[in-house]
Amino acid sequence: MPTQLPDHELWMRQAIELAATAGRAEEVPVGALIVNAAGRILATGENRRERDHDPTAHAEILALRAAGQALGTWYLTNCTLYVTLEPCPMCTGAILQARIGVLVYGAPDPKAGAIQTVLNLPHSPAAFHRLAVVGGVLETDCRHQLQDWFRQHRQRQRAKP
């Protein structure tokens, strides 16, 4: 019986929708979701730093917390995390701590990407968990979403009295 490949684009489109919700709330548009091995969404997250006044309220952190609650454990080894932007060092650390099985991200982050772009924390000597990574899924869509939001954000800032 052939094994079916995961539909990374399907899940990433849902993460993009979560990011759009964050963007409409004046948050940097990043969305994340965690899917179990059976292909069921366990948890979602969207950036909430501004709304929650919490520097740790990144989409990935919120999704990891919710998945842990849903499963009753912080071990997320049989799960896949989808996120629209390459995780930062804080989120990468949490992803490694949670023992996520697979990380799938959309756009690389040239300023703070800690998976492959600026840092490579999963392959550093400090990493105790080997993380499978798939980058660049719907990269153009994810990158354009961020670029459009930042362009509009700068315009709103300039228009303020």
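Residues numbered from 1 in each chain as written. Predicted model: local features only at pLDDT ≥ 70, side-chain atom pairs only at ≥ 80, totals over all residues. Heavy atoms only, no water.

**Topic: the side chain of D109**
Its place among the elements puts D109 in the loop between β4 (102–107) and β5 (132–134). Nearest to the buried, unbridged D109 among oppositely charged side chains is K111, at 7.3 Å. Setting aside residues no more than four positions away along its own chain, D109 makes contact with L85, E86, T117 and V118. (Helix = DSSP H or I, 4+ residues; strand = E, 2+ residues; numbered from the N terminus. Buried < 20%, exposed > 50% of the residue type's maximum accessible area, 1.4 Å probe, protein only. Lys, Arg positive; Asp, Glu negative; His and termini not counted. Salt bridge = Lys/Arg side-chain N within 4 Å of Asp/Glu carboxyl O. Contact = heavy atoms within 4.5 Å.)

**A look at helix α3 (residues 59–71)**
Relative to the 18 Å expected for 13 residues at 1.5 Å per residue, α3 spans 18 Å between its end C-alpha atoms, a close match to the ideal helical length. For α3, the complete set of buried residues consists of A59, E60, I61, L62, A63, L64, A67 and G68. Just downstream of α3, G72 is the residue with a positive phi angle, here 75 degrees. (Expected span 1.5 Å × (residues − 1).)

**Some points on the packing of aromatic side chains**
The tally for this structure, following the rule as stated, stands at three aromatic pairs. Measuring from centroid to centroid gives 4.0 Å for W74 and Y75, while their planes differ by 25 degrees, and the two rings are stacked. For the pair W149 and F150, a centre-to-centre distance of 4.9 Å together with 85 degrees between the ring planes defines the contact as edge-to-face. (Phe/Tyr/Trp six-rings, centres within 6.5 Å; stacked < 30°, edge-to-face > 60°.)

**Concerning the layout of surface pockets**
Here the largest pocket defines a volume of roughly 540 Å³. When residues of the lining of the largest pocket are assigned to their parent elements, the largest contribution, four residues, is made by helix α5 (residues 139–159). Residues belonging to the lining of the largest pocket are distributed by class as follows: twelve nonpolar, three polar and six charged. (1 Å grid on protein atoms, 1.4 Å probe; cavity = no way out; pocket = protein on both sides within 12 Å on 5 of 7 lines; lining within 4 Å. Points joined across faces, edges and corners; volume = space filled by probe spheres on them. Nonpolar A, V, L, I, M, F, W, Y, C, P; charged D, E, K, R; others polar.)

**Some remarks on the pattern of salt bridges**
According to the stated counting rule, one finds eight salt bridges in the structure shown. For the salt bridge of R156 with E26, the shortest nitrogen-to-oxygen distance reads 3.9 Å. Of this pair, R156 sits in helix α5 while E26 sits in the loop between α1 (8–24) and β1 (31–36), and the two are 130 residues apart along the sequence. On the accessibility criterion, E26 (46% relative accessible area) is partly exposed.

**Digging into the sheet that holds strand β2 (residues 41–46)**
Pairing is mixed in the open sheet, where five strands are placed in the order β2-β1-β3-β4-β5. The open sheet terminates on both sides in strands that have one partner only, identified here as β2 and β5. Sheet twist, expressed as the average angle between the axes of neighbouring strands with direction ignored, equals 15 degrees. Where β4 lies against β5, three bridges are found, and the strand directions are parallel. Across the sheet, residue V102 finds its bridge partner in β5, namely A132. (Pairing = 2+ DSSP bridges. Axes fitted to C-alpha atoms, helices over the stretch in contact; angles between N-to-C directions.)

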